[in-house]
Structures are given as C-alpha cells and as structure tokens.
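Tertiary structure, described
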Amino acid sequence: MKHIYWIACGVITLAIIAAWFFVVPTEDARTAKQNLDKQSKDLKELEARAARGDPPGVFDAANPDDTKRLANEYLITAQWKRVLQEKQEKYQKQLADIKAQLLGRSTWLHRPVAPTRNQLEWYNEYIKTSEALLARVREAGCLRRPATGVASEDTQGAGGESPAALRQVIGLFTKSGSFPDPKEHPLLTTRLRAVELVADRLIAARVAVADNPLIGPTGRSDERAQAAAQIAGLEWTGGGDADGMRNISTALNDQSQVKSIGVRLTLDGPLSALLAASANLERNAEADRPVVAITSASLAKRETSTAGERFDVADDAVRLVLSLEIMEFAAPGSGTPADANANPNAGPAAGGFIYGAQ
C-alpha cells in the first residue's frame, strides 16, 4: 500500500493525543498555570512597589488610611519596618493593659456584705452598712428629704433602721415582715454597692456657688461654699439576673463580656452642682471601681417646692434626671466574679419587700 506511511503517522498522532488526555492531569495543569499567573502578577506588583522607594512625608500609624497606603503602595524595608514594629508592640501592650484594667474593676459591685447565710446576721450587717451610707449622704447634703412624712424621717426603728420612705429615696432595701432570703443577697449586695458608688461621686462633686455679680452673695455662706446635687429619687431599671446585672452589647464584646446594672437617678440642686455631679459620675478615675456611663439626661426647672425651700438660697434649684449604666467586665465566655461568688441556689428576687422605687 503506497499510503501506509501516512496512515501509520496518523494513527500514532491520534494515539499520542488520546494518551495526552488520559495521562496528563489537565485540572492540575490549569491550577498550576493559574498559580503561576498570580505569582507573576504579584511579582510585577512588588517590583512597582519597590520602585517607589521609601514612603515620603510623615505617616501616622494610628491612621487607617496611612497604614493602608503603607501596606498597599510600598515595599516593607528593614529601614522603616523597625519603626512600625515598635508601634505595633506598644499598641498591643496598650490593648492588654486596658483589658487588664477593665477586668480589675469587676469585683467591686459584689463585695460581700457579710460572710454568712444566716438571714438575721446578714440583714443586721446590711442595715449597719446601709445606714452608715445614708448618714454620710445626709451629712454631705446630698439627699433630698421626701415630701411625705418629713416630721418622722429622723426617727429610727429597732436596730437603727431609718424609715422606709427615707431609705427608698436612694434605693435602699427595707424589709416588710420577714428577712430577705439568702437567694436575694446577691441582688441586694449589688444594689447597695451601686448606691455607694453613686453617693461617693456625688459627694466628691460638691462645688462652690459664685456670688451673684448683680445682687451680691445670696443664701448661707456654707451653702455657697459647698453646694451639692441632692438625690430626689433612685430607680433600678433594665431587670437582670439574680445579682441584678444584665448582659449588654458594646464595641468591646469581642474583647470582654460586659454586664451592667441600670439606674435612673433624679437629682435636685443648683445648676452648677448638677453639672459638676454629672461630670464626676462619668469621670471613672478610680481604677478599681466599675465604669459608669450616662446614656441619657434631662434637665428642667423644678415645678414644685416645699414652703420656705426657696427662701434665702444660694441659687435656685433645678432637676436633672440621668439614666446610668454601671458596668463590669469579664473575659469572653467566662462567668463573672458575681457568678463565681453567688449563692448556687440563687434565683430571682421574691416579692413582699420595699425596694427603692422598683
């Protein structure tokens, strides 16, 4: 056959093509080509970034736009990588220090009133602590007497317990019948410590009222020298667990677990004293105390006053209503110190008791 050579060549060519499809892994070859293309593109990008040299001007490591330009437009060199590395290490240390400081504030609200589960002994210690707090607030002039029962407000009952109407003004617990059950102790403890925190900051925020430039000094000299914001009411808001705390959402949720107790605080007093009190409530200077945040505020002139209340005063009183969140922090996914110290049988607070404006 005169065409046998060409026929044999065709058969061999077809066999080679068929073997290529069956033997050579085309998917692997395609993936390898794509990887090579990507590496080639990355190499060209690196060459372009290297050609730009060192970045000109001053770059702020805390500015996201500047760090993005450094990362995307320039090639990191040993000359300026050291500077960025130091910045990064300081930043990471700062984050760790902030987290440690926040976690260190988490035990203050749950300091036990008494190391006992005996109802009478615990309540006696609670009354002793809360009455000392009440006396300190009254002595500092930071408590507005309730409108009803004024004549009997200085009368103390058995065990040195002030009348419920007075204790209720600042949210202190008063029994009506039986003593509080141990399962209520975490809630009462948290609320007592929250009142202590608020009272401390109000007392520290007392300011002097300047003399009126038109009519001269007014009111008593001691009132002008140390005007105070007076607590006219304290309410607990937002519900919560057995210890009165509830989980809240913040920008730090990925860094720490945040819990809070909500307070609605009503203050009366001169405008300057109220502004100083609101500023000091959020000052948060003590590293071992919870963080206090004001979430809303309403300032208005007081509509009512008792007879003689406005006679010869240093300044006319106004009313400030604040919504506070008293917050504590714990490591993500871990129980708070309150959970660790609380009564294992703790449950929601029972009724039948007088609280500060529930």
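Residues numbered from 1 in each chain as written. Predicted model: local features only at pLDDT ≥ 70, side-chain atom pairs only at ≥ 80, totals over all residues. Heavy atoms only, no water.

Let us now look at the overall build of the chain. When you go through the chain residue by residue, the secondary structure sums to 10 helices and 5 strands. Of all 358 residues assigned to the chain, the portion counted as buried reaches 35%. The contacts of the chain with a sequence gap of at least 6 include a subset with a gap of at least 24, amounting to 75%. Put simply, the chain shows about 21,000 Å² of open surface, and 56% of that area lies on carbon and sulfur atoms. (Helix = DSSP H or I, 4+ residues; strand = E, 2+ residues; numbered from the N terminus. Buried < 20%, exposed > 50% of the residue type's maximum accessible area, 1.4 Å probe, protein only. Contact = heavy atoms within 4.5 Å. Areas by Shrake-Rupley, 256 points an atom, 1.4 Å probe, with all protein chains shown as cover.)

What follows concerns the side chain of E328. Mapping E328 onto the fold places it in strand β5 (residues 317-330). Despite its burial, E328 pairs with no opposite charge, the nearest such side chain being K259 at 5.5 Å. Only 2.8 Å separates the side chain of E328 from the side chain of H110, close enough to count as a polar contact. (Lys, Arg positive; Asp, Glu negative; His and termini not counted. Salt bridge = Lys/Arg side-chain N within 4 Å of Asp/Glu carboxyl O. Polar contact = N/O pair within 3.5 Å; in protein donor to acceptor, adjacent residues only side chain to side chain.)

Phi is positive for N284, close to 55 degrees, though the residue is something other than glycine. On the secondary structure map, N284 appears in the loop between α9 (271-281) and β4 (291-301). The exposure class of N284 is buried, given its relative accessible area of 16%.

All right, on to the packing of aromatic side chains then. Across all of its chains, the model carries 5 aromatic pairs by this definition. Ring centres 6.0 Å apart and planes at 85 degrees place the aromatic pair Y123 and F173 in the edge-to-face group. Residue Y123 is found in helix α5 (residues 119-139), and its partner F173 is found in the loop between α6 (164-169) and α7 (185-204); the two are separated by 50 residues along the sequence. Ring pairing ties together the aromatic residues W122, Y123, Y126, F173 and F179, which thus form one cluster. The lysine or arginine in question, K175, covers the ring of F179, its NZ or CZ lying 5.1 Å from the ring centre. (Phe/Tyr/Trp six-rings, centres within 6.5 Å; stacked < 30°, edge-to-face > 60°. Lys NZ or Arg CZ within 6 Å of the ring centre and 35° of its normal.)

This part is about the packing of α5 against α7. Close contact between α5 and α7 brings their axes to 10 Å; oriented N to C, the two are set at 15 degrees. Accordingly, the angle class assigned to the pair α5 and α7 is roughly parallel. Viewed along their axes, α5 and α7 form a crossing whose handedness is left-handed. The residues of α7 that touch α5, namely those facing W122, Y126, T129, S130, L133, R136 and V137, are H185, L188, T189, L192, R193, V195, E196, A199, D200 and I203. (Axes fitted to C-alpha atoms, helices over the stretch in contact; angles between N-to-C directions. Parallel < 35°, antiparallel > 145°, perpendicular 65-115°, else oblique. Left-handed = near helix turned anticlockwise from the far one by under 90°.)

Note that soluble globular proteins tend to have their nonpolar side chains buried in a common cluster. Ranked by size, the top nonpolar core spans 48 residues in total, and within it Y126, L265, L267 and I326 carry the most contacts. Contributions of two or more residues to this core are made by α5, α6, α7, β1 (230-237), β3 (257-270), α9 and β5. Ranked by the residues each element gives to this core, the list is headed by α7, at 9 residues. Residues L102, I248, V258 and F329 belong to the second largest nonpolar core, which totals 6 residues. (Core = buried A, V, L, I, M, F, W, Y, C linked by side-chain atoms within 4.5 Å.)

Quick look at a nonpolar patch on the surface now. A cluster of nonpolar side chains, namely I4, Y5, W6, I7 and V11, defines an oily patch on the protein surface of about 580 Å² accessible area. Note that Y5 resides in helix α1 (residues 4-23). Residue classification places Y5 among the exposed residues on the basis of a relative accessible area of 53%. (Patch = residues over 30% accessible without salt bridge, like charges linked within 9 Å, V, L, I, M, F, W, Y side chains within 5 Å.)

Our focus in this paragraph is α7. Taking 1.5 Å of rise per residue, the 20 residues of α7 would be expected to cover 28 Å, and the 28 Å separating its terminal C-alpha atoms lies within 8% of that figure. Judged by how many residues are buried, α7 sits mostly within the fold: 18 of 20 residues are covered. (Expected span 1.5 Å × (residues − 1).)

Of all residues in the chain, 77% have pLDDT values of 70 or greater, and the mean over the chain is 79. For the chain, helix α10 (residues 337-341) is the element with the lowest average pLDDT, namely 41, and α7 is the one with the highest, namely 96. Here residues 337-358 is modelled with pLDDT under 50, and outside its nearest four sequence neighbours on either side it reaches 56 contacts, counting other chains as well. (pLDDT = per-residue confidence, 0-100.)

On to the packing of α7 against α9. The packing of two helices is summarised by the inter-axis angle and the distance between the axes. Their axes nearest at 8 Å, the elements α7 and α9 cross at an angle of 130 degrees. Here α7 lies oblique to α9, going by the angle between them. Along this stretch, α7 crosses α9, giving a crossing that reads as right-handed. Two secondary-structure elements touch here, α7 through V198, R201, L202 and A204 and α9 through A277, N280 and L281. For the contact of α7 with α9, the per-class residue count stands at 5 nonpolar, 1 polar and 1 charged. (Nonpolar A, V, L, I, M, F, W, Y, C, P; charged D, E, K, R; others polar.)

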